[in-house]
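One-letter residues, chain by chain:
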Amino acid sequence: MTSDFIAEVMALPYSRSRKDYVQAHHDIGYLTNELIENAVKFRQPGEILIEAGIFDGTFLIRVKNTIDGVTSSRFQQLLHRLQSRDPGELLLEQIETNAISAESGSGLGLLTLLSDYDAKMAWAFEGNNDQRVILTTTAAVAMPPSSNL
């Protein structure tokens, strides 16, 4: 519901064109849903902070939540792997792995964002004393060009 609300509000400037509105709503909704879903799935007790806006034709979102040290290490390993390979290739490999294995499809949403949505993403890991890590995920996707804005 949260991601749909954000998509609805952020897509409003594109409502003069049905095509632009649908595209903006879909892209914002998908990106927002993936980030919120991951924040909820992997979080430690505490708040999840969500900030979103559109600047210069780009939708920006930042999600901040707390994770444990083990999750932080596993996620940093995944990010290291992403930096060394093409996200599209990794996405296909993960889809194939999921087809032959009962293991989790971990990373599919992230790989889809990077590969199919050309999302630009950044992560910050801020440790604290009790083995909890504050993870900040920032993402940006280009919105449909619109002369009506």
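Residues numbered from 1 in each chain as written. Predicted model: local features only at pLDDT ≥ 70, side-chain atom pairs only at ≥ 80, totals over all residues. Heavy atoms only, no water.

Identification of the protein chain as ATP-binding protein from Rhizobium laguerreae is taken from an unreviewed UniProt entry.

Got a minute to help me understand helix α1 (residues 2-11) in this structure?
Residues separated by three or four positions in an α-helix point in the same direction, a consequence of the helix having 3.6 residues per turn. Turning to α1, its buried residues number three or more, namely S3, I6, A7, M10 and A11. Summarising the axial view, the buried residues of α1 lie within an arc of 115°, below the 170-degree limit, and thus occupy one face. Of the surrounding elements, those touching the buried residues of α1 are α2 (18-42), β1 (49-55) and β2 (58-68). (Buried < 20%, exposed > 50% of the residue type's maximum accessible area, 1.4 Å probe, protein only. Helix = DSSP H or I, 4+ residues; strand = E, 2+ residues; numbered from the N terminus. Arc of directions from axis to C-beta. Contact = heavy atoms within 4.5 Å.)

Is there a simple way to think about helix α5 (residues 108-116) in this case?
Taken as a whole, α5 has its buried residues at G109, L110, L111, T112, L113 and L114. Phi turns positive one or two residues past the end of α5, at D118, with a value near 50°.

Even after reading the chapter, I still don't get the nonpolar core, so can you show me in this structure?
Taken as a class, soluble globular proteins show a tendency for nonpolar side chains to be buried jointly. Residues L31, F59 and M121 are the most contacted members of the largest nonpolar core, which totals 32 residues. When contributions to this core are tallied by element, the ones reaching two or more residues are α1, α2, β2, α3 (69-84), α5 and β4 (132-142). For this core, the leading source of residues is α2, giving seven residues. (Core = buried A, V, L, I, M, F, W, Y, C linked by side-chain atoms within 4.5 Å.)

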